[in-house]
Amino acid sequence: MFVETLKEVRAVIRYEWARGVSGTEIHNRLVEVYGPGVMSKQMVRRWCRTFSDGRQQVEDIPRAGRTRTATTDANVGKMDDMIRANRRITIDEVAEELGILHE
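Residues numbered from 1 in each chain as written. Predicted model: local features only at pLDDT ≥ 70, side-chain atom pairs only at ≥ 80, totals over all residues. Heavy atoms only, no water.

Considering the UniProt feature "domain: Mos1 transposase HTH" (unreviewed entry) in the chain
Feature annotation in UniProt assigns "domain: Mos1 transposase HTH" (unreviewed entry) to the following positions: residues 9–54. As a span, residues 9–54 carries 74% helix and 0% strand, and end to end its C-alpha atoms are 18 Å apart. (UniProt positions renumbered as here; feature names shortened; annotations may be inferred. Helix = DSSP H or I, 4+ residues; strand = E, 2+ residues; numbered from the N terminus.)

Written out as structure tokens, the structure is:
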């Protein structure tokens, strides 16, 4: 699910929860609009609980962790140039050239 769609779905959950609609009914309504793969019933209930606990925002809360260093604009450009110059280049060769892990 795309980030914008995910925020939209969370906003719908928050709105319906504020109106007093049950988690199960919110899930049923989401499935009607977005389709069966929108979000699990358990996740809808979890978001209802989160809003009950006082959370207001529907955006993801930034989490601590390792920052992404390999997907910089410079690295993407270098990798593109390397692949255009040699279509048979391996992932290991690209990673070694750029000084990044290939995962």
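Further notes follow.
Quick word on the packing of helix α2 (residues 23–34) against helix α3 (residues 41–52)
The geometry of α2 relative to α3 is characterised by a closest axis approach of 9 Å and an angle of 125° between their N-to-C directions. With respect to their mutual orientation, α2 and α3 come out oblique. Note on packing geometry: the crossing formed by α2 with α3 is right-handed. For the pair formed by α2 and α3, the contact residues are Gly-23, Thr-24, Ile-26, His-27 and Leu-30 on the first element and Lys-41, Val-44, Arg-45 and Cys-48 on the second. Residues of the contact of α2 with α3, tallied by class, amount to four nonpolar, three polar and two charged. (Axes fitted to C-alpha atoms, helices over the stretch in contact; angles between N-to-C directions. Parallel < 35°, antiparallel > 145°, perpendicular 65-115°, else oblique. Left-handed = near helix turned anticlockwise from the far one by under 90°. Contact = heavy atoms within 4.5 Å. Nonpolar A, V, L, I, M, F, W, Y, C, P; charged D, E, K, R; others polar.)

Observations regarding the pattern of salt bridges
A complete count under the given rule lists five salt bridges for this structure. Across the pair Arg-29 and Glu-16 runs a salt bridge, and its minimum N-O distance is 2.7 Å. Pair noted here: Arg-29 is in helix α2 and Glu-16 is in helix α1 (residues 3–18), with a separation of 13 residues, a long-range link. Relative accessible area serves as the criterion here: at 32%, Arg-29 is assigned to the partly exposed category. Classification of Glu-16 as buried rests on a relative accessible area of 11%. As a salt-bridge pair, Arg-29 and Glu-25 come within 3.2 Å of each other at their nearest N and O atoms. Here Glu-25 and Arg-29 lie together in helix α2, a separation of four residues that amounts to about one turn. Here Glu-25 falls in the partly exposed class, since its relative accessible area comes to 31%. (Salt bridge = Lys/Arg side-chain N within 4 Å of Asp/Glu carboxyl O. Buried < 20%, exposed > 50% of the residue type's maximum accessible area, 1.4 Å probe, protein only.)

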